[in-house]
Amino acid sequence: NIAMPNIILNTAVAHVFAQFADRLENAENFDVELATLLRETFASHERILFNGNGYSQEWREEAARRGLLNLATSPDAFDCFDADKNLALFAEHGIMSEAEVRSRKEILFENYAKTINIEALTMIEMAERELLPGVENYVGKLAEIAVNKRTLGYVPTKVEDRQLVALTAGMERAYDALQALKDADAKAIATVGGARALARAYCDEVVPAMAKLRKEVDALETMTSSEFWPVPTYADLMFRQKGKI
């Protein structure tokens, strides 16, 4: 929902425009004052301008050098929501009281935890009931082909053997990652200490576990025949689904 980001952005912009208006409306020479205001504003805030990749390691290092916040996760950002300067800003413009800001902060943490929990449980179900069984079926087919070739005695099975080794190893890594995600989610659910502590548990433990499982499953997808992959591949979604939805 973009309502809250818009409220915050509009309030911040309105606050600055009000300051600009007060200064310019009381200026003896509007043009001179405007030029001075623009020059001072740019000089004061030049450090926020960055034309590179804001998601890169380069920006993280540059932000630290400039003394800027680099809030990498939602819970990190939520922690700043009720900073003193923000409370003063919202109160000055009659947007939200301190109690309203703090209650919304609590809701943000709670919604984050619930959302990540739903995503983690969905991921677990997909991996356990669809993706890994699909790879296992492909492994079974490869093994069957390899056995049939060996019965002939003179047909090499190097391709099947290598595929079986790679897929089996990948399945074991994916299975371990799946179990780790289950454990992380169960641990997060049991977290005590309120909505913030719960959100931090999901952010710090569950999200990395989800990323690990995603990495292993993505690797399996590249090695598994699309005939056995139980969900549409990226190629299917991009090029082969026309008229099917």
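A short tour of the structure in this document, coming up.

Analysis parameters
- Residues numbered from 1 in each chain as written.
- Predicted model: local features only at pLDDT ≥ 70, side-chain atom pairs only at ≥ 80, totals over all residues.
- Heavy atoms only, no water.
- Phe/Tyr/Trp six-rings, centres within 6.5 Å; stacked < 30°, edge-to-face > 60°.
- Buried < 20%, exposed > 50% of the residue type's maximum accessible area, 1.4 Å probe, protein only.
- Helix = DSSP H or I, 4+ residues; strand = E, 2+ residues; numbered from the N terminus.
- Expected span 1.5 Å × (residues − 1).
- Bend = angle between axes of the 7 residues up to and from the residue.
- Polar contact = N/O pair within 3.5 Å; in protein donor to acceptor, adjacent residues only side chain to side chain.
- Salt bridge = Lys/Arg side-chain N within 4 Å of Asp/Glu carboxyl O.
- Axes fitted to C-alpha atoms, helices over the stretch in contact; angles between N-to-C directions.
- Parallel < 35°, antiparallel > 145°, perpendicular 65-115°, else oblique.
- Left-handed = near helix turned anticlockwise from the far one by under 90°.

Summed over all chains, the structure comprises 5 aromatic pairs. Judged by centre distance (4.5 Å) and plane angle (40°), the ring pair of F50 and W59 falls under tilted. Judged by relative accessible area, which is 23%, F50 ranks as partly exposed. Measuring from ring centre to ring centre gives 5.4 Å for F78 and F109, while their planes differ by 80°; the resulting arrangement is edge-to-face. Of this pair, F78 sits in helix α4 (residues 74–78) while F109 sits in helix α6 (residues 98–152), placing them 31 residues apart in sequence. Considered together, F78 and F109 belong to a single accessibility category, that of buried residues. What links up through ring pairs into an aromatic cluster is the set F78, F109 and Y112.

Turning to α6, a few remarks are in order. Taking 1.5 Å per residue as the helical rise, α6 with its 55 residues ought to reach 81 Å, and the 79 Å between its terminal C-alpha atoms agrees with that figure. In α6, a bend of some 45° at A127 exceeds every other bend along the element. Remark: G153 follows α6 within two positions and exhibits a positive phi of approximately 85°.

With respect to the helices and strands, L237 occurs in helix α9 (residues 234–240). Of the residues examined, L237 reaches a relative accessible area of 53% and is grouped as exposed. L237 sits 69 residues away from T168 along the chain, and the two C-alpha atoms are 27 Å apart.

Secondary-structure assignment places E62 in helix α3 (residues 57–66). Of the polar contacts made by the side chain of E62, one reaches the side chain of R65; its length is 2.4 Å.

What follows covers the pattern of salt bridges. What the rule picks out here adds up to 18 salt bridges. R200 serves as the salt-bridge partner of D76, at 2.9 Å between the closest nitrogen and oxygen. Placement of D76 in helix α4 and of R200 in helix α8 (residues 195–223) is noted, with a sequence separation of 124 residues between them. Residue classification places D76 among the partly exposed positions, given a relative accessible area of 24%. Overall, the relative accessible area of 17% leaves R200 in the buried class. Here R200 ties to D204 by a salt bridge, and the two come within 3.0 Å at their closest N and O atoms. In this pair, R200 and D204 are both assigned in helix α8, 4 residues apart and thus about one turn of the helix distant. By relative accessible area, D204 is classed as partly exposed at 40%. Overlapping salt bridges bring together D82, E98, R102 and K105 as one network.

Where helix α7 (residues 158–189) meets α8, the axes come as close as 9 Å, and the angle between the chain directions of the two elements is 165°. The pairing of α7 with α8 is recorded here as roughly antiparallel in orientation. Viewed along their axes, α7 and α8 form a crossing whose handedness is left-handed.

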